[in-house]
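Examination of the molecular architecture
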Amino acid sequence: VKQSTMYRLFALFLAACLNSCSTVSSFGFDTAGIEATRIQSSAVASRRNFLTYVTTAAAFLPGVAVAAKDDDVTAIVADLRKSRELLEPLGAKLEAKEWDSVRSVLKGPGLGELWNLGASKNPIGKFARATGDIDLLELSEELAISLQTSDQLTYGNAFVYTQPGNGKVDIKGPQTMVAKAIGEIDNIIKIASQ
């Protein structure tokens, strides 16, 4: 099958998927064949459906979908275990009100790339996109949110006495988010190891 035919089939498949999500109201096809020229969205498909369709469609294009190697999985799981170990002492550091220390760990190597350095640096996101695992991609995003919220709440504690408000330090909030991040890392390790 010619590569141009594969791209046309991809365009048709993607158009059909979008149409099934009720997001496409009309298509115009040029005289050269199968190429969508106009797409108007009337509703937004869920992120999960869209990513599922795009990932499935990408499997039809040569060189787009990449199978994960065992070495990749092993390296990611090992890195995640190290990241988990970095999170474990943070609860005690929060109790001791060591805000700068907690934030340094959250933004430092091993954790920073999971939430603070962007999607292109996130190893879980890269792995999820390479394997087409939507669940893993969503867990990666949830982990990023938990880590970011932990950092934000810890940052707020550093300035609680100089800002308007009730003047109370929130230790339970960041501790809860750190515990949630540990659970999410455990889930990601479980999924990646399968």
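To be clear, the structure that these remarks concern was listed above.
To start, this report covers the structure provided alongside it. (Residues numbered from 1 in each chain as written. Predicted model: local features only at pLDDT ≥ 70, side-chain atom pairs only at ≥ 80, totals over all residues. Heavy atoms only, no water.)

1. Considering the pattern of salt bridges
To keep things clear, this is the line we draw: Within this document, salt bridges are pairs made up of a side-chain nitrogen of Lys or Arg and a carboxyl oxygen of Asp or Glu, the two lying within 4 Å of each other. Residue exposure (1.4 Å probe, protein chains only): buried if accessible area is under 20% of the type maximum, exposed if over 50%, otherwise partly exposed. Working definition: helices are DSSP H or I runs of at least four residues, strands are E runs of at least two. Numbering for both runs from the N terminus.
Applying the stated criterion across every chain yields a total of three salt bridges. Glu88 is the partner of Arg84 in a salt bridge, and the nearest nitrogen-oxygen pair spans 2.2 Å. Exposure remark for Arg84: the relative accessible area of 22% places this residue in the partly exposed category. Residue classification places Glu88 among the partly exposed positions, given a relative accessible area of 46%. In this structure, Arg103 engages Asp151 in a salt bridge whose closest nitrogen and oxygen atoms are separated by 2.8 Å. In this pair, Arg103 is assigned in helix α5 (residues 99-107) and Asp151 in helix α7 (residues 134-158), connecting sequence segments 48 residues apart. You'll find Arg103 and Asp151 in the same group, each marked buried. By sharing partners, the salt bridges in this structure join Arg84, Glu88 and Asp186 into a single network.

2. What about helix α6 (residues 123-131)?
The periodicity of an α-helix, 3.6 residues per turn, causes residues three or four places apart in sequence to face the same way. Spelled out, the test is: Our arc is simply the arc of the directions from the helix axis toward the C-beta atoms. Any pair of N or O atoms that falls within 3.5 Å is considered a polar contact. Within protein, one atom must be able to donate a hydrogen and the other to accept it, and sequence-neighbouring residues count only if both atoms are side-chain atoms.
Buried within α6 are the following residues: Ile124, Gly125, Phe127 and Ala128. One side of α6 carries all its buried residues, which in axial view fall inside an arc of 165°. Capping the start of α6, Asn122 holds a side-chain oxygen 2.9 Å from the backbone nitrogen of Ile124, two or three residues further along.

3. What to know about the packing of α7 against helix α8 (residues 172-193)
Put simply, the rule is: Simply put, an axis is a line fit to the C-alpha atoms, just over the touching stretch for a helix, and the angle between two N-to-C directions goes from 0 to 180 degrees. What sets the label is the angle itself: under 35 degrees gives roughly parallel, over 145 gives roughly antiparallel, 65 to 115 gives roughly perpendicular, and the rest give oblique. In a left-handed crossing the near helix is turned counterclockwise from the far helix by less than a right angle, and in a right-handed crossing that turn is clockwise. Contact between two residues is taken to exist if any of their heavy atoms lie within 4.5 Å; hydrogens are not considered. Note on residue classes: Ala, Val, Leu, Ile, Met, Phe, Trp, Tyr, Cys and Pro are nonpolar, Asp, Glu, Lys and Arg are charged, and everything else, Gly too, is polar.
Packing of α7 against α8 leaves a shortest axis separation of 9 Å and a crossing angle of 160°. Taken together, the axes of α7 and α8 lie roughly antiparallel to each other. Crossing of α7 against α8: the hand is left-handed. Across the interface between the two elements, Leu136, Leu139, Ser140, Glu142, Leu143, Ser146, Leu147, Thr149, Ser150, Leu153, Thr154 and Asn157 of α7 pack against Gly173, Pro174, Met177, Val178, Lys180, Ala181, Glu184, Ile185, Asn187, Ile188 and Ile191 of α8. Considered class by class, the residues forming the contact of α7 with α8 number twelve nonpolar, eight polar and three charged.

4. A closer look at the nonpolar core
Quick reminder of the rule: By nonpolar core is meant a set of buried Ala, Val, Leu, Ile, Met, Phe, Trp, Tyr and Cys residues that side-chain atoms within 4.5 Å join together.
Core analysis: the biggest nonpolar cluster contains 31 residues, and Leu80, Leu87, Leu106, Leu143 and Leu147 have the highest contact counts within it. Contributing elements (two or more residues each) for this core: α3 (70-87), α4 (90-95), α5, α6, α7 and α8. Looking at this core, the element that brings in the most residues is α8, giving seven residues. Contact partners of Leu147, with chain neighbours within four places excluded, come to Leu87, Leu106, Leu111, Leu114, Trp115 and Ala181.

5. Let's talk about α8
Put simply, the rule reads: Residue count minus one, scaled by 1.5 Å, sets the expected span of a helix.
Look at α8: 31 Å from first C-alpha to last across 22 residues, which is about the 32 Å you get at 1.5 Å a residue. Buried within α8 are the following residues: Gly173, Pro174, Met177, Val178, Ala181, Ile182, Glu184, Ile185, Ile188, Ile189 and Ala192.

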